[in-house]
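Secondary and tertiary structure notes
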Amino acid sequence: MIQPDPKREEFLARFADAQATLDQGFARLPPSSQPALGEDAAIILREAAERLHDNDPYFHPLYAGQMLKPPHPIARAAYTLAMSLNPNNHALDGGRASSAMEFEAVAALAKMFGWPKHLGHLSSGGTFANLEALWIAGQLHREQGTSLAVAASDQAHYTHTRISGVLGLPFVSVPTDNTGRMDLNALEQALKTHRIGTVVATLGTTAVGAVDPLDRILELQARYGFRIHVDAAYGGYFTLAGNLRPEARAAYDAIPRADSLVVDPHKHGLQPYGCGCVLFRDPSIGRFYEHDSPFTYFTSKDLHLGQISLECSRAGASAVALWATQRLLPYEVGGEFARGLEAGREAALAMHKRLAADVRFEMPMTDPMLDIIFWAVKGTTVVQSSSQAQSIFRQARQMDLYLALAELPIRFFPEGTWPDHTGDVAHVTCLRSVMMKPEHLTWSDEIWRRLEAATSAVLGVNTP
Ligand SMILES: *Cc1c(COP(=O)(O)O)cnc(C)c1O
């Protein structure tokens, strides 16, 4: 028999309290005829719970694999609370209160990035938010009578190529250096040879957490003239962290001069999925969204979110959850939320150090830039290294340590790491870990103990 979990009891009690307050506001209405759950539903729910066992334990600190972070309990509670109304943030008619909360939550994000004026809204995720930013960029160029290309690094999120295809914009891939950051010489070359209208700077690449040098891209902008879109879906919140490397700090400090930005509260912002955000520094781009919906905008002459977003229906619950989380954990340098990001980064640095001291591993050219670490297994050939990384990945899972694998360019490692390498195998399978939970810092001894044991099981013990 499973023991009752005091935290769960507390969650349910506090949630019931908030639900009662919400219900009070509608108590004047005759009782509605909503069905009760009933015994059949209880059986199905138990079955669903059993089906869900077929997942890795994403909520637990021993899950240190992909970019998955559990929502904060207040986000879960606020989301569930809002679900009893299920507001739709397309129009004020469908979600007055939750739209107001969205405007406030988005303003808090804009303020965090140092944008005093902005236009922006939440979206279903980073992909759609990036689509909107590049759509606006394309519209602006069309206004000037041209169709110009989008340029992003070869480590930018894979969806940028697709998004450009959907929008009918040419796409230029810019090579990265040995640390995964956009190569500025390559960018300048591309600016000379292509008609580039927008450069996407990724602040925190999804694979390795590399931070493109936005400050230096702005110097090129002064000479060549182009729009800058910052894709900070994963890395955006690190602007609050006090422990960034100087070159990363310089990139974040340049954000106030970019034109548009995407950040995903459902990645580092402790939110359930379905919460991205796009911001524009110039509110006048709102003109491109103009449309006449014949049936949705009636109750108010105020701005409806659907009048400034491409998507129509959107969960108002996402805005309620984000708003509540921001109230509890405001975006302040040195505050609790910022300390959580700093802790994850510290955990990544500590783990990187331990890995570097172990002769069984090969380390990349650079320390982690944010909270993602990756490393390879020593081997005489790329093929052997890759296959041993896979074995350690599988062995670690047996020991309830959940890591990730990534295919990464061998140029991310010092030259000569794989003497056999003849140039035909450009990638090596690496182990990768996103240490994005604040608890990863206090769990780093235990994570290391399990990783060490898994490695020894595959490769034999470390004999220095
Ligand atoms: C995750 C991510 C995206 C895509 O965002 P989704 O929310 O998964 O749609 C885009 N860009 C970067 C840099 C990302 O990390």
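Keep in mind the model is a prediction, meaning the values are calculated, not measured.

A few points about the overall build of the protein
Helices and strands together make up the secondary structure of the protein, namely 13 helices and 11 strands. Projecting the C-alpha coordinates of the protein onto the three principal axes gives extents of approximately 75 × 70 × 40 Å. Pairs at least 24 residues apart make up 74% of the contacts formed inside the protein by residues separated by at least 6 positions. Roughly 22100 Å² of accessible area belongs to the protein as shown, and the carbon and sulfur atoms make up 55% of that amount.

Concerning the domain arrangement of the protein
Think of interface size as the accessible area that goes away when the parts come together; that is how it is often given. Taken domain by domain, the protein holds domain 1 (92-291 + 300-328) and domain 2 (336-459). Computed from C-alpha coordinates alone, the two centres of domain 1 and domain 2 are separated by 29 Å. Taken together, the contacts link 31 residues of domain 1 with 21 residues of domain 2. Across the domain 1/domain 2 interface, buried area totals approximately 2300 Å², and carbon plus sulfur atoms make up 63% of it. Remark: the boundary between domain 1 and domain 2 carries one salt bridge. Residues Asp154 and Arg411 are paired through a salt bridge, measuring 3.6 Å at the closest nitrogen-oxygen approach. Applying the counting criterion to the domain 1 and domain 2 interface returns 11 residue pairs in polar contact (both at pLDDT 80 or more).

Quick notes on the pattern of salt bridges
Going through the model one piece at a time under the given rule, you end up with 15 salt bridges. In this structure, Arg360 and Glu452 form a salt bridge, with 2.7 Å as the shortest nitrogen-oxygen distance. Of this pair, Arg360 sits in the loop between α11 (336-356) and β8 (361-362) while Glu452 sits in helix α13 (residues 444-459), and the two are 92 residues apart along the sequence. Residue Arg360 is classed as buried on the basis of its relative accessible area of 9%. Owing to a relative accessible area of 25%, Glu452 belongs among the partly exposed residues under this scheme. Between Arg449 and Glu446 there is a salt bridge, with the nearest N and O atoms lying 2.9 Å from each other. With Arg449 and Glu446 both in helix α13 and three residues apart, the pair spans about one turn of that helix. Exposure remark for Glu446: the relative accessible area of 22% places this residue in the partly exposed category. Each of the salt bridges in this network shares a partner with another, and the network as a whole consists of Asp358, Arg360 and Glu452.

A few points about empty space enclosed by the protein
Unfilled space is identified by rolling a water-sized probe across the atoms. According to the stated counting rule, one finds two cavities of 30 Å³ or more in the structure shown. Reported here for the largest cavity is a volume of approximately 100 Å³. Around the largest cavity, the lining comprises 15 residues; the ones closest to its centre are Val208, Thr366, Asp367, Pro368 and Phe374. The element best represented in the lining of the largest cavity is strand β9 (residues 372-377), accounting for three residues. For the lining of the largest cavity, a count of residues per class yields nine nonpolar, five polar and one charged.

Comments concerning the nonpolar core
Counting 75 residues, the largest nonpolar core has Leu187, Leu203, Leu214, Ile217 and Tyr237 as the members making the most contacts within it. Counting the residues that make up this core, at least three belong to each of domain 1 (92-291 + 300-328) and domain 2 (336-459). Apart from residues lying up to four places away in sequence, Leu203 is in contact with Ala210, Val211, Asp212, Leu214, Val230, Asp231, Ala232, Gly235, Gly236, Ala251, Tyr252 and Ile255. Counting residues in each nonpolar core, the second largest holds 24 residues, with Ala133, Ala156, Val278 and Phe288 among its members.

Comments concerning the packing of α11 against α13
As a packed pair, α11 and α13 sit with axes 10 Å apart at the nearest point and diverge in direction by 30°. Comparing their axes, α13 and α11 come out roughly parallel. Like other packed secondary-structure pairs, α11 and α13 cross with a definite hand, here right-handed. Two secondary-structure elements touch here, α11 through Met351, Arg354 and Leu355 and α13 through Ser444, Asp445, Ile447, Trp448 and Leu451. Along the lines of polarity and charge, the residues of the contact of α11 with α13 split into five nonpolar, one polar and two charged.

Focus: the site of the ligand
Among the 13 residues in the neighbourhood of the ligand, the closest are listed as Gly126, Thr127, Asp231, Asp264 and Lys267. The separation between an oxygen atom of the ligand and a polar side-chain atom of Asp264 is 2.6 Å. Summarising the interface, the protein chains cover 87% of the accessible area of the ligand, which totals 380 Å² for the free molecule. The dominant element in the shell around the ligand, judged by the number of residues it contributes, is helix α5 (residues 126-143), at three residues. Here the shell around the ligand is composed, by residue class, of two nonpolar, eight polar and three charged.

Considering the packing of helix α1 (residues 6-24) against helix α3 (residues 73-83)
Remark: α1 packs on α3, axes separated minimally by 10 Å, with the N-to-C direction vectors making an angle of 35°. The chirality of how α1 crosses α3 is right-handed. Here Phe11, Phe15, Ala18, Gln19 and Leu22 of α1 come into contact with α3, specifically with Pro73, Arg76, Ala77, Thr80 and Leu81. Class assignment of the residues belonging to the contact of α1 with α3 gives a composition of seven nonpolar, two polar and one charged.

Focus on the layout of surface pockets
The volume enclosed by the largest pocket comes to roughly 2200 Å³. Together, 50 residues line the largest pocket, and Arg8, Phe59, Pro71, Pro73 and Arg76 are the ones closest to its centre. No other element matches the eight residues that α1 contributes to the lining of the largest pocket. Partitioning the lining of the largest pocket into residue classes produces 29 nonpolar, seven polar and 14 charged. Residue contributions to the lining of the largest pocket reach at least three from each of two domains, namely domain 1 (92-291 + 300-328) and domain 2 (336-459).

The rules behind each value
Residues numbered from 1 in each chain as written. Predicted model: local features only at pLDDT ≥ 70, side-chain atom pairs only at ≥ 80, totals over all residues. Heavy atoms only, no water. Helix = DSSP H or I, 4+ residues; strand = E, 2+ residues; numbered from the N terminus. Contact = heavy atoms within 4.5 Å. Areas by Shrake-Rupley, 256 points an atom, 1.4 Å probe, with all protein chains shown as cover. Domains from an automatic or database assignment. Buried area = accessible area lost by both parts, 1.4 Å probe. Salt bridge = Lys/Arg side-chain N within 4 Å of Asp/Glu carboxyl O. Polar contact = N/O pair within 3.5 Å; in protein donor to acceptor, adjacent residues only side chain to side chain. Buried < 20%, exposed > 50% of the residue type's maximum accessible area, 1.4 Å probe, protein only. 1 Å grid on protein atoms, 1.4 Å probe; cavity = no way out; pocket = protein on both sides within 12 Å on 5 of 7 lines; lining within 4 Å. Points joined across faces, edges and corners; volume = space filled by probe spheres on them. Nonpolar A, V, L, I, M, F, W, Y, C, P; charged D, E, K, R; others polar. Core = buried A, V, L, I, M, F, W, Y, C linked by side-chain atoms within 4.5 Å. Axes fitted to C-alpha atoms, helices over the stretch in contact; angles between N-to-C directions. Parallel < 35°, antiparallel > 145°, perpendicular 65-115°, else oblique. Left-handed = near helix turned anticlockwise from the far one by under 90°. Near = heavy atom within 4 Å.

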